[in-house]
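So the chains spell out like this:
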Amino acid sequence: MSESKTSRALVGAVVLLMLAMAAGGWILGSANPRSDLPSEASPEAGFARDMQTHHQQAVQLSMIIRKHSTNNAVRSMAYDIALTQQQQSGQMYAWLETWALPQTGESMTWMDGLLTEESVHAGHGNISPGQSHTMASMGMASAEEITELTAARGTEADRQFLTLMIAHHIGGVEMAQAYLQHGNNHMVTVFANKIIMTQQAEISALNQLLAQLN
């Protein structure tokens, strides 16, 4: 079975498992799984939707470099990122299904006013504290950058991927930190902390790979 088919099968299995757990009341951590669910405008719903979008692009970038890189370390890192983020996307999809909320909505409004001075100094777009966020401000690659990565080969492709993924992960950490400032759902809080921990570790590994290329 190809990697793409295996990845899709994994996501489907995760979604089904998470929905089954939710039906039993395990995901929500209470005897009554329908009580006190997040609302349409909640930070939980916004975080789940926007982080799914963010994760989906990380998977896209990872699968592009898997095809074009000859660097085994880069290819291995990309595969790990793709599998982890597909699995997490399945979890967030299942949350929204359990909460009876649509999978799509207005992007990034839950983060308004939550930009930190640290993220400004890290170079997230040209926005300042108090201004509205966009997915681009959270490290998302542009269409032009994805086109350039798709066309690149060898060391240049590796360098482009690593640079894009470092920015992408920094944005993902910022989104998770913003949820911790704004949300209070225990399950989502645990999940956000896991994202921060794993993506910060991956940022260090990605920087090491980039330094080796340079």
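Quick notes on the rules
- Residues numbered from 1 in each chain as written.
- Predicted model: local features only at pLDDT ≥ 70, side-chain atom pairs only at ≥ 80, totals over all residues.
- Heavy atoms only, no water.
- Axes fitted to C-alpha atoms, helices over the stretch in contact; angles between N-to-C directions.
- Helix = DSSP H or I, 4+ residues; strand = E, 2+ residues; numbered from the N terminus.
- Parallel < 35°, antiparallel > 145°, perpendicular 65-115°, else oblique.
- Left-handed = near helix turned anticlockwise from the far one by under 90°.
- Contact = heavy atoms within 4.5 Å.
- Nonpolar A, V, L, I, M, F, W, Y, C, P; charged D, E, K, R; others polar.
- pLDDT = per-residue confidence, 0-100.
- Polar contact = N/O pair within 3.5 Å; in protein donor to acceptor, adjacent residues only side chain to side chain.

A.B. asks: Go over the packing of helix α2 (residues 43-68) against helix α5 (residues 143-151), please, and point to the residues and values.
C.D. replies: Where α2 contacts α5, the axes come no closer than 9 Å and their chain directions differ by 20°. Relative to α5, α2 is oriented roughly parallel. Of the two possible hands of crossing, α2 and α5 adopt the one that is left-handed. Across the interface between the two elements, Gln 57, Gln 60, Leu 61, Ile 64, Ile 65 and His 68 from α2 touch Ile 146, Leu 149 and Thr 150 from α5. Its residues assigned to classes, the contact of α2 with α5 comprises 5 nonpolar, 4 polar and no charged.

A.B. asks: Residue-level account of the confidence of the model for the protein chain, with values.
C.D. replies: In the predicted model, the protein chain carries a mean pLDDT of 83, and 74% of its residues have values of at least 70. Note on residues 116-130: pLDDT under 50 across the span, and 23 contacts to partners over four residues away in sequence or across chains.

A.B. asks: Tell me about the side chain of Ser 137, and name the residues and values.
C.D. replies: Relative to the helices and strands, Ser 137 is located in the loop between α4 (117-121) and α5. There is a polar contact of 2.7 Å between the side chain of Ser 137 and the backbone oxygen of Thr 134.

A.B. asks: Lay out the environment of Gly 154 in plain terms, naming residues and giving numbers.
C.D. replies: If you trace the backbone, Gly 154 turns up in helix α6 (residues 154-182). Taking the C-alpha atoms as reference points, Gly 154 and Ile 65, separated by 89 residues in sequence, lie 9.4 Å from one another.

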